Amino acid sequence: MASAITTLAADAPTLSAANTGFMLICSALVMLMTPGLAFFYGGMVRVKSSLNMLMMSFISLGIVTILWVLYGFSLAFGTDSGSLIGWNSDYVGLSGIGITELWDGYTIPVYVFAVFQLMFAVITPALISGALADRVKFSAWALFTVLWVTVVYFPVAHWVWGAGGWLFELGVIDFAGGTAVHINAGAAALGVILVIGKRVGFKKDPMRPHSLPLVMLGAGLLWFGWFGFNAGSWLGNDDGVGAVMFVNTQVATAAAMLAWLGYEKLRHGSFTTLGAASGAVAGLVAITPAGGAVSPLGAIAVGAIAGVLCAMAVGLKYKFGYDDSLDVVGVHLVGGVAGSLLVGFFATGGVQSDVAGLFYGGGLEQLGKQAIGVFSVLAYSLVASALLAFLLDKTIGMRVSEDVEVAGIDQVEHAETAYDFSGAGGGAASRSTAAPTPSAASKKVDA
């Protein structure tokens, strides 16, 4: 008996300073993705609503952080109840957790796991906001965020990643959030825009990005932060799986960007910066669920397929008439679905688990499981999000007035404008201090 106890004690995980430090860095990288998303979205809208777009992402850092501490972590990762939701009173307020208490089966503290997962919870509702640009009251958006993470995100996170969650127990592979984050957000975006309707001038007025450099900056920050998002989801760095995920993240993103650019060159005749940024994000989305299951060659395939599919999908809003302002449905929903289902084809059985996909002799079993995960999350998020938007629209109202939308939401909702050109010249003061004209300067020299 004594020897058995000694053996168990030796096998028990102990706190790893290396893994703890690694995960804290990854958490900071994921936090940076939300400001990166704000810049990405903020540059894509017209100048009159760019601040509102920035704020719709930034407010998530405030709201979701507090809710996560109060009860979100407990609902998502507490003790399972009925395979649908979790609860652990020690996690409420993060008040019953020891500072060196380890997350079950890992070498990092519970606090570190909680803060890492917090950053996922923060960015997911922020992703939705891109579909609603130009037309939603900021107060209504803030309340929607509170309701949505409580009713949709926290339960779905438990389904997918929580011990006992029904999709987790089914064996659905979602390494870092293809279902829980991207399909969840994309389906929610579709549900909300079907309720609140189109922007004024949709399909009539030009609604071009006001700052493509800002879009590229945001895409770069997203790409950078995504290494923490993906590689950190293995919760450690002991067996090489996180390293494979890091490589696959880079490879798939590159492939998707090139595929998107190739598609738009063939389809529209140009290589655009917006296409490069959007293609990169599509690749990041698609590799998120799949990167821990595929090889680098598989990651190229996942990225390339997603790049083309998402490039094709962004035009569907004009065909079907739903106003997805910044292509959240086309990129995050379609990219998330593609990446999650492609696990069933390209999983090698030699990275995160021994589960093999169809192309590696595994048959159709894993593809079937992936499809169940994809379409159950899609359906739940779509319906629940539409109901929440309908409830808010019929009570406090979701949309600003048409006059506000046409004039610009920034000034009314935030009492600010993104750019102030009042000191850029044109007034008497500026003329009095202006440099002399060439002719005047030459006269002075001659004198």
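Quick note: structure is the one above.
Residues numbered from 1 in each chain as written. Predicted model: local features only at pLDDT ≥ 70, side-chain atom pairs only at ≥ 80, totals over all residues. Heavy atoms only, no water.

When the terminal C-alpha atoms of helix H10 (residues 273–290) are compared, their 26 Å separation across 18 residues agrees well with the 26 Å that a helix rising 1.5 Å per residue should span. Summarising burial for H10: 16 of the 18 residues are buried, a large majority. (Helix = DSSP H or I, 4+ residues; strand = E, 2+ residues; numbered from the N terminus. Expected span 1.5 Å × (residues − 1). Buried < 20%, exposed > 50% of the residue type's maximum accessible area, 1.4 Å probe, protein only.)

Further remarks concern a nonpolar patch on the surface. Together, Leu-358, Phe-359, Tyr-360 and Leu-364 give the surface a local cluster of nonpolar side chains, amounting to about 410 Å² of exposed area. By secondary structure assignment, the location of Leu-358 is in the loop between helix H13 (328–346) and helix H14 (365–395). Assessed through its relative accessible area of 32%, Leu-358 is described here as partly exposed. (Patch = residues over 30% accessible without salt bridge, like charges linked within 9 Å, V, L, I, M, F, W, Y side chains within 5 Å. Areas by Shrake-Rupley, 256 points an atom, 1.4 Å probe, with all protein chains shown as cover. Salt bridge = Lys/Arg side-chain N within 4 Å of Asp/Glu carboxyl O.)

This brings us to the packing of H10 against helix H11 (residues 296–313). Put simply, H10 and H11 touch, their axes get as near as 8 Å, and they point 125° apart. Considering their axes alone, H10 and H11 lie oblique with respect to each other. Here the hand of the crossing between H10 and H11 comes out right-handed. Counted together, Ala-282, Ala-286 and Ile-287 of H10 and Ala-299, Val-302, Ala-306 and Cys-310 of H11 form the full contact between these two elements. Residues belonging to the contact of H10 with H11 are distributed by class as follows: 7 nonpolar, no polar and no charged. (Axes fitted to C-alpha atoms, helices over the stretch in contact; angles between N-to-C directions. Parallel < 35°, antiparallel > 145°, perpendicular 65-115°, else oblique. Left-handed = near helix turned anticlockwise from the far one by under 90°. Contact = heavy atoms within 4.5 Å. Nonpolar A, V, L, I, M, F, W, Y, C, P; charged D, E, K, R; others polar.)

In this section: the pattern of salt bridges. Counting across every chain of the model gives 7 salt bridges. In this structure, Arg-135 and Asp-323 form a salt bridge, with 4.0 Å as the shortest nitrogen-oxygen distance. Placement of Arg-135 in the loop between helix H4 (110–129) and helix H5 (138–161) and of Asp-323 in the loop between helix H12 (316–320) and H13 is noted, with a sequence separation of 188 residues between them. In terms of burial, Arg-135 and Asp-323 fall into one category: buried. Its salt-bridge partner being Asp-327, residue Lys-317 comes within 2.9 Å of it at the nearest N-O pair. Taken together, the residues span a long stretch of sequence, with Lys-317 in helix H12 and Asp-327 in the loop between H12 and H13 at a distance of 10 residues. On the basis of relative accessible area, Asp-327 is assigned to the buried category, the value being 16%. Taken together, the salt bridges that share partners define one network made up of Arg-46, Asp-134, Arg-135, Arg-199 and Asp-323.

This part takes up the packing of helix H8 (residues 212–231) against helix H9 (residues 241–268). Following both chains from N to C, one finds H8 and H9 inclined at 140°, their axes separated by 9 Å at the closest point. What the angle tells us is that H8 and H9 run oblique. In the packing of H8 onto H9, the handedness of the crossing is right-handed. Across from Trp-223, Phe-227, Asn-230 and Ala-231 in H8, the residues of H9 making contact are Gly-242, Met-245, Phe-246, Thr-249, Gln-250, Thr-253, Ala-254 and Met-257. Tallied by class, the residues present in the contact of H8 with H9 amount to 7 nonpolar, 5 polar and no charged.

What follows is about the packing of aromatic side chains. Applying the stated rule across the entire model yields 27 aromatic pairs. Ring centres 6.3 Å apart and planes at 75° place the aromatic pair Trp-68 and Phe-77 in the edge-to-face group. Pair check on accessibility: Trp-68 and Phe-77 agree, each one buried. A centroid spacing of 5.2 Å and a plane angle of 80° characterise the contact between Phe-346 and Phe-359, whose relative ring orientation is edge-to-face. Here Phe-346 is found in helix H13, whereas its partner Phe-359 is found in the loop between H13 and H14, with 13 residues between them in sequence. Phe-346 gets classed as buried once you look at its relative accessible area, which sits at 14%. Phe-359 gets classed as exposed once you look at its relative accessible area, which sits at 52%. Among the aromatic residues, those joined into a cluster by ring pairs are Trp-68, Tyr-71, Phe-73, Phe-77, Tyr-91, Trp-103, Phe-113, Trp-148, Tyr-153 and Phe-154. (Phe/Tyr/Trp six-rings, centres within 6.5 Å; stacked < 30°, edge-to-face > 60°.)

We now examine the side chain of Asn-52. Within the secondary structure, Asn-52 sits in helix H3 (residues 50–77). Given a relative accessible area of 1%, Asn-52 falls into the buried group. The contacts of Asn-52, once residues within four sequence positions are left out, are Val-136, Phe-138, Ile-409, Asp-410 and His-414.

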